[in-house]
Structures are given as structure tokens and as C-alpha cells.
Amino acid sequence: MLLAIGDVVRIRSTKALGTVAGLASHRAGNLVDVQMNGNTLQPVRTQDIELVARGSKPITTGRAVVTLLFFLLGIASSVANVVYVRDLGANWAMVTFVAITSVTAVTGGLINLFIRPRRVRV
């Protein structure tokens, strides 16, 4: 299971909801610190939790600018690939496919590499 700080989880034994606050190592293994109502932390074994919702941060101006920059890099790579494929003699369908694939692959790859929330396998 991949968890990030801020994810909403449910403890199976007590049916209580909480948010992931961190990880704690213990002699018996790793425990997940779950922040319960009243700002109390409860260490829970990873087998006893279920993921309910992913936590997400609101988009900031910096993240929006970086996303726009990644999109522009995707368009630039798409133009370069389209020119190369067109010079090889491809038809318009192939050129369109290469353009769309280049934009989505480069933009999505850069966003996943640099902006996505970090998840920890527990």
C-alpha cells in the first residue's frame, strides 16, 4: 500500500477515521502514525488500515508556473518530433498521433517526476 502524509485512512478494528501523520519504526515492524480526532496520534499496524481518500495539497502559484513550464516543454518536444516524423514521410494521421503522444508523455512524465506527492510503501 502506498501512503502519503495527509491521506485519510480507516482503522479496521475500531472503524475510526484519521489522517496519516507519519511512519514509526518499532521492533515488531513499521507502524503508521494516524492523527485522530483531538490531535492525538495513534500508532497502527499497516495491516489494520484501509485507504479512504488521497490527501492533496491546494495548487500554489509556484506549482502552477512549473506545470505551465512543463506543458511548454511538452509542446516544444512535440513540435520537434512532428517535424522529424513529417520529414520521414509520415501521413497526417501518424503526425497527429506523434504530436499528441509527445505532449502527453513529456508533460505527464515531468509532472509525475517533480510535482506529484511522495508516497511511501508500507
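Please refer to the structure higher up on the page.
The structure contained in this document is the topic of the report that follows. Not measured: the values here are computed from a predicted model.

1. Brief notes about the sheet that holds strand E3 (residues 17–26)
Thinking step 1. If you trace the five strands from one edge of the open sheet to the other, you get E5-E4-E3-E2-E6, paired in antiparallel fashion. Of all the strands in the sheet, just strand E5 (41–45) and strand E6 (49–53) have a single pairing partner and so form its edges. Averaged over all pairs of adjacent strands, the angle between their axes in this sheet comes to 45°, without regard to strand direction.
Thinking step 2. Of the strand pairs in this sheet, strand E4 (residues 29–35) and E5 are connected by five bridges, and their pairing is antiparallel. If you follow Val32 over to E5, its bridge partner there is Val44.

2. Some points on the packing of helix H1 (residues 61–87) against helix H2 (residues 92–114)
Thinking step 1. Between H1 and H2, whose axes approach to 8 Å, the crossing angle comes to 150°. Here H1 lies roughly antiparallel to H2, going by the angle between them. Note that H1 runs across H2; the crossing there is right-handed. Counting all contacts with H1, which are made through Thr67, Phe70, Phe71, Leu73, Gly74, Ile75, Ser77, Ser78, Asn81, Val82, Val85 and Arg86, the residues of H2 involved are Met94, Val95, Val98, Ala99, Ser102, Val103, Val106, Thr107, Leu110, Ile111 and Phe114.
Thinking step 2. For the contact of H1 with H2, the class distribution of residues is 15 nonpolar, seven polar and one charged.

Rules behind the numbers
- Residues numbered from 1 in each chain as written.
- Predicted model: local features only at pLDDT ≥ 70, side-chain atom pairs only at ≥ 80, totals over all residues.
- Heavy atoms only, no water.
- Pairing = 2+ DSSP bridges.
- Helix = DSSP H or I, 4+ residues; strand = E, 2+ residues; numbered from the N terminus.
- Axes fitted to C-alpha atoms, helices over the stretch in contact; angles between N-to-C directions.
- Parallel < 35°, antiparallel > 145°, perpendicular 65-115°, else oblique.
- Left-handed = near helix turned anticlockwise from the far one by under 90°.
- Contact = heavy atoms within 4.5 Å.
- Nonpolar A, V, L, I, M, F, W, Y, C, P; charged D, E, K, R; others polar.

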